[in-house]
Amino acid sequence: MQIEIDNGSGFCFGVTTAIKKAEEELAQGHTLYCLGDIVHNGMECERLRQMGLVTIGHDEMAHLHDVKVLLRAHGEPPETYEMARHNNIEIIDATCPVVLQLQKRIKKQFESGITNIQHPIPNTQIVIFGKKGHAEVLGLVGQTQGSAIVIENFDEVSKLDFSRPLYLYSQTTKSLDEYHRIIDYISSHMMPGVEFKSFDTICRSVANRMPSISQFAARHDLILFVSGRKSSNGKVLFGECLRVNPNTHLIEGLEEIQPEWLQGVDSVGICGATSTPKWLMEQCRDAIQRQLQR
């Protein structure tokens, strides 16, 4: 049986940087807190926990003083930085540069549409295509003092007000195809003379994986997509694999591999999300090889 690990799968630049910063701090023997899971992969989080990384929430951070807190690649709203200043917390900022640039663009747009920073003009809509409650989206909405409108999918776009100026952005890991559908719909429904602008803010580290992972899924009998089930880009990439190859299974680790999946199969492809570590995909490969040797 041929078993291939997709070379294009694994950590994106932002996640790699965040984990590297955490490892560097922990290697020095420092106590390091991380605000939220450093990556949407339970096994990688557990590996870092064993190294000493302590995952906390915002409520816990509010009670910490004089410590180091790592901000993961997803980014944070301005209130988090203010809390850190107030509590004398040293921030290890691992916000992905792509996310950070998006935050700045949204903040600039928001501030350009208000006369007084405390009183946004109600006529302007800043809309974010993203998952409600997702860490990155919370950070983006925070740049608008909570006034941005979040739509999770194409079905929600009809609820927007097409008689008011609209500025559309996307969470960096959303589907590029669905984003373009939303843009086309809004463009065709805006009232004459009303301003609409959309901004290409989807990370190419994710978007560029779509065509390559499609080709990868098509050339194997069985696809094992290794990803944490909370990963947003994992859901997008898994969906693409499943579309191309119906014999695709989402697993979080080797213990979920079912022996019957391997029956009558000549080739297995193993791939994953931008939050999936290479070592985990390699573990899954090794587990299959052990099963075949029995």
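Residues numbered from 1 in each chain as written. Predicted model: local features only at pLDDT ≥ 70, side-chain atom pairs only at ≥ 80, totals over all residues. Heavy atoms only, no water.

## Quick look at the overall build of the protein chain
Scanning the protein chain for helices and strands turns up 11 helices and 14 strands. A compact globule built from 294 residues would reach a C-alpha radius of gyration of about 19 Å, and the protein chain, at 21 Å, matches this within 12%. Taken along its principal axes, the extent of the C-alpha atoms in the protein chain is 70 × 50 × 25 Å. The buried share among the 294 residues of the protein chain stands at 51%. Of the contacts made within the protein chain by residues no fewer than 6 positions apart, 71% connect residues no fewer than 24 positions apart. Per element, the accessible surface of the protein chain, about 14,000 Å² overall, is 50% carbon and sulfur. If you average the places of the 29 positive and of the 36 negative side-chain charges in the protein chain, the two averages end up 3 Å apart. (Helix = DSSP H or I, 4+ residues; strand = E, 2+ residues; numbered from the N terminus. Rg over C-alpha atoms; globule rule 2.2 N^0.38 Å. Buried < 20%, exposed > 50% of the residue type's maximum accessible area, 1.4 Å probe, protein only. Contact = heavy atoms within 4.5 Å. Areas by Shrake-Rupley, 256 points an atom, 1.4 Å probe, with all protein chains shown as cover. Lys, Arg positive; Asp, Glu negative; His and termini not counted. Charge placed at Lys NZ, Arg CZ, Asp CG, Glu CD.)

## Topic: the side chain of Gln-109
Looking at the secondary structure, you find Gln-109 in helix 5 (residues 97-112). Setting aside anything within four residues of it in sequence, one finds Gln-109 in contact with Ile-126, Tyr-167, Tyr-169 and Phe-199.

## A word on the sheet that holds strand 11 (residues 196-198)
Note: strands within a sheet are paired through backbone hydrogen bonds, in either parallel or antiparallel orientation. The strand order across the open sheet formed by four strands is 9-8-10-11, and the pairing between neighbours is parallel. The outermost strands of the open sheet, each flanked by one partner alone, are strand 9 (149-151) and strand 11. Looking at each pair of strands side by side, their axes are set apart by 20 degrees on average, direction ignored. Bridge count between strand 10 (residues 166-170) and strand 11: three bridges; the pairing is parallel. Opposite Leu-166, over in strand 11, you have Phe-196 as the bridge partner. Helix 5 rests against strand 8 (125-129) and strand 10 of the sheet, and its axis sits at about 170 degrees to strand 10. Against the sheet, helix 7 (residues 176-189) touches strand 8, strand 9, strand 10 and strand 11, its axis set at about 175 degrees to strand 10. (Pairing = 2+ DSSP bridges. Axes fitted to C-alpha atoms, helices over the stretch in contact; angles between N-to-C directions.)

## A short note on helix 11 (residues 278-293)
Taking 1.5 Å of rise per residue, the 16 residues of helix 11 would be expected to cover 22 Å, and the 23 Å separating its terminal C-alpha atoms lies within 8% of that figure. Tucked inside the fold, the buried residues of helix 11 contact strand 1 (2-5), helix 2 (42-51), strand 12 (222-226), strand 13 (248-251) and strand 14 (267-272). (Expected span 1.5 Å × (residues − 1).)

## A word on the sheet that holds strand 5 (residues 90-93)
Spatially, four strands are ordered 3-2-4-5 in an open sheet, and the strand pairing comes out parallel. This sheet does not close on itself; its edge strands, each paired only once, are strand 3 (53-56) and strand 5. Taken over all neighbouring pairs, the strand axes of this sheet differ in orientation by 35 degrees on average, direction set aside. With four bridges connecting them, strand 4 (residues 68-71) and strand 5 associate as parallel partners.

## Topic: the packing of aromatic side chains
Enumeration according to the criterion identifies five aromatic pairs in this entry. Ring centres of Phe-154 and Tyr-185 lie 5.7 Å apart, and the angle between their planes is 85 degrees; this geometry places the pair in the edge-to-face category. Highlighted residues: Phe-154 in the loop between strand 9 and strand 10 and Tyr-185 in helix 7, separated in sequence by 31 residues. Measuring from centroid to centroid gives 4.5 Å for Tyr-169 and Phe-199, while their planes differ by 10 degrees, and the two rings are stacked. Of this pair, Tyr-169 sits in strand 10 while Phe-199 sits in the loop between strand 11 and helix 8 (204-207), placing them 30 residues apart in sequence. Looking at Arg-181, its charged tip hangs above the ring of Phe-154, at a distance of 3.9 Å from the centre. (Phe/Tyr/Trp six-rings, centres within 6.5 Å; stacked < 30°, edge-to-face > 60°. Lys NZ or Arg CZ within 6 Å of the ring centre and 35° of its normal.)

## Quick word on the pattern of salt bridges
Throughout the structure, instances matching the rule amount to 15 salt bridges. One salt-bridge network, held together by shared partners, links Glu-23, Glu-44 and Arg-47. (Salt bridge = Lys/Arg side-chain N within 4 Å of Asp/Glu carboxyl O.)

## Quick notes on the environment of Ile-186
Looking at where Ile-186 falls in the secondary structure, it is placed in helix 7. Counting along the chain gives 25 residues from Ile-186 to Asp-161, while the straight-line C-alpha distance between them is 9.7 Å. Here Ile-186 is in contact with Val-157, Leu-160, Phe-162, Leu-166, Leu-168 and Phe-196, once residues within four sequence places are set aside.

## A word on helix 2
Listed in full, the buried residues belonging to helix 2 are Glu-44, Cys-45 and Leu-48. Seen from one end, helix 2 has its buried residues packed into an arc of 100 degrees, which puts them on one side. Along helix 2, exposed side chains directed more than 90 degrees from the buried face belong to Gly-42 and Gln-50. In this structure, the buried side of helix 2 is in contact with helix 1 (13-27), strand 3 and helix 11. For helix 2, the N-terminal cap is Asn-41; the gap from its side-chain oxygen to the backbone nitrogen of Met-43 is 3.2 Å. Directly beyond the C-terminal end of helix 2, a positive phi value near 120 degrees is found at Gly-52. (Arc of directions from axis to C-beta. Polar contact = N/O pair within 3.5 Å; in protein donor to acceptor, adjacent residues only side chain to side chain.)

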